[in-house]
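A closer look at the structure
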Amino acid sequence: RKEVEQDPGPFNVPEGATVAFNCTYSNSASQSFFWYRQDCRKEPKLLMSVYSSGNEDGRFTAQLNRASQYISLLIRDSKLSDSATYLCVVTHTDMRFGAGTRLTVKP
Amino acid sequence: EAGVVQSPRYKIIEKKQPVAFWCNPISGHNTLYWYLQNLGQGPELLIRYENEEAVDDSQLPKDRFSAERLKGVDSTLKIQPAELGDSAVYLCASSLDGYEQYFGPGTRLTVT
């Protein structure tokens, strides 16, 4: 079993749609959680950290469920520019990346 | 502020040849990481430096891969000899606090 698992997608949604991604992790001692965004042939960039109480940044909402060992990312009112691969990242002694979920937002 | 700089951006070599990648982290970032990313996969950590000390190199294939970070700033990752399976993107990242990482553009290696 991989340490960090994500549904690879692709998720194809129309503009304005709400889309949610989940990510599960295997190490219950994991301490920090992040979502990174990676555009095609570009480097990953931090989208947002994920806090135990959940957090929101504009159209993006991240939540953590430690009991079930998963984190989620919700994108509301999808824009064309949201098209990218979203990487789930879990940190214990080092960062472990999921394989990413690919999102395509269409007009 | 300048970001993480990597060179070269692209490299094509024949198998069994050596290759080296260079990384200059963001100024003041003590932690430096080298990752390997295959197509359709997330980055996989190869080695992590705290200043000039390699604190996690458990995933580095030491028979052919080596890395150094002299003076705790720039870093070089070397492969000798390269194999076909080494074709991937090699990403360097740096961090100030050990949490948020800033990635460089990567070096896309093709081994023929």
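Reference entry: report on the structure contained in this document. Keep in mind that this is a model prediction, so the values were computed, not measured.

1. Notes on the overall build of chain A
- Helix and strand counts for chain A stand at 0 helices and 11 strands.
- Reading chain A from its N terminus to its C terminus gives the helix and strand order β-β-β-β-β-β-β-β-β-β-β.
- Against the 2.2 N^0.38 benchmark of 13 Å for 107 residues, chain A shows a C-alpha radius of gyration of 13 Å, consistent with a compact globule.
- The principal-axis extent of the C-alpha atoms belonging to chain A is close to 40 × 30 × 20 Å.
- For chain A, the residues scored as buried account for 45% of the 107 residues in total.
- In chain A, once contacts between residues fewer than 6 apart in sequence are set aside, the share between residues at least 24 apart is 56%.
- In the form shown here, chain A has an accessible surface area of approximately 5400 Å², with 46% of it arising from carbon and sulfur atoms.

2. A look at the state of the cysteines
- This structure, assessed with the given rule, holds 2 disulfides over all chains.
- Through a disulfide, Cys23(A) is tied to Cys88(A); the S-S separation comes to 1.9 Å. Residues Cys23(A) and Cys88(A) share a disulfide whose torsion about the S-S bond is about -70°; that sign makes it left-handed. Of this pair, Cys23(A) sits in strand S3 (residues 19–25) while Cys88(A) is found in strand S9 (residues 84–91), placing the two residues 65 residues apart along the sequence.
- Exposure remark for Cys23(A): the relative accessible area of 0% places this residue in the buried category.
- Looking at Cys88(A), the relative accessible area reads 0%, which means it is buried.
- Put simply, Cys23(B) and Cys92(B) are joined by a disulfide, and their sulfur atoms are 1.9 Å apart. Between Cys23(B) and Cys92(B) the disulfide shows an S-S torsion of about -70°. By sign, it is left-handed. Note that Cys23(B) is positioned in strand S3 (residues 19–24) and Cys92(B) in strand S9 (residues 88–95), a separation of 69 residues in sequence. Accessibility assignment for this pair places Cys23(B) and Cys92(B) in one class, buried.

3. With respect to the sheet that holds strand S6 (residues 55–57) of chain A
Residue and element names in this part refer to chain A.
- Pairing in this open sheet of 5 strands is antiparallel, and the strands run S1-S3-S8-S7-S6 from one edge to the other. Of all strands in the sheet, those with a lone pairing partner are strand S1 (4–6) and S6, marking the two edges. Within this sheet the neighbouring strands show an average axis-to-axis angle of 20°, counted without direction.
- Here strand S7 (residues 60–65) pairs with strand S8 (residues 70–75) via 6 bridges, running antiparallel. Bridge pairing in S8 places Phe60 opposite Ile75.

4. Description of the pairing of strand S4 (residues 32–38) of chain A
Residues and elements named next belong to chain A.
- In terms of burial, S4 is a largely internal element, 7 of the 7 residues being buried.
- Neither face of S4 is exposed, since Ser32, Phe34, Tyr36 and Gln38 on one face and Phe33, Trp35 and Arg37 on the opposite face are all buried.
- Relative to S9, S4 runs antiparallel, the two sharing 7 bridges. Note on S9: the bridge partner recorded for Gln38 is Thr85.
- Sheet topology note: the S4/strand S5 (residues 44–50) ladder contains 6 bridges and is antiparallel. Paired with Trp35 across the two strands is Met48, which belongs to S5.
- Where S4 folds back on S5, the antiparallel hairpin that results is connected by 5 residues, among which Arg41 adopts a positive phi of roughly 60°.

The rules behind each value
- Residues numbered from 1 in each chain as written.
- Chains lettered and ligands numbered in written order.
- Predicted model: local features only at pLDDT ≥ 70, side-chain atom pairs only at ≥ 80, totals over all residues.
- Heavy atoms only, no water.
- Helix = DSSP H or I, 4+ residues; strand = E, 2+ residues; numbered from the N terminus.
- Rg over C-alpha atoms; globule rule 2.2 N^0.38 Å.
- Buried < 20%, exposed > 50% of the residue type's maximum accessible area, 1.4 Å probe, protein only.
- Contact = heavy atoms within 4.5 Å.
- Areas by Shrake-Rupley, 256 points an atom, 1.4 Å probe, with all protein chains shown as cover.
- Disulfide = S-S within 2.5 Å.
- Pairing = 2+ DSSP bridges.
- Axes fitted to C-alpha atoms, helices over the stretch in contact; angles between N-to-C directions.

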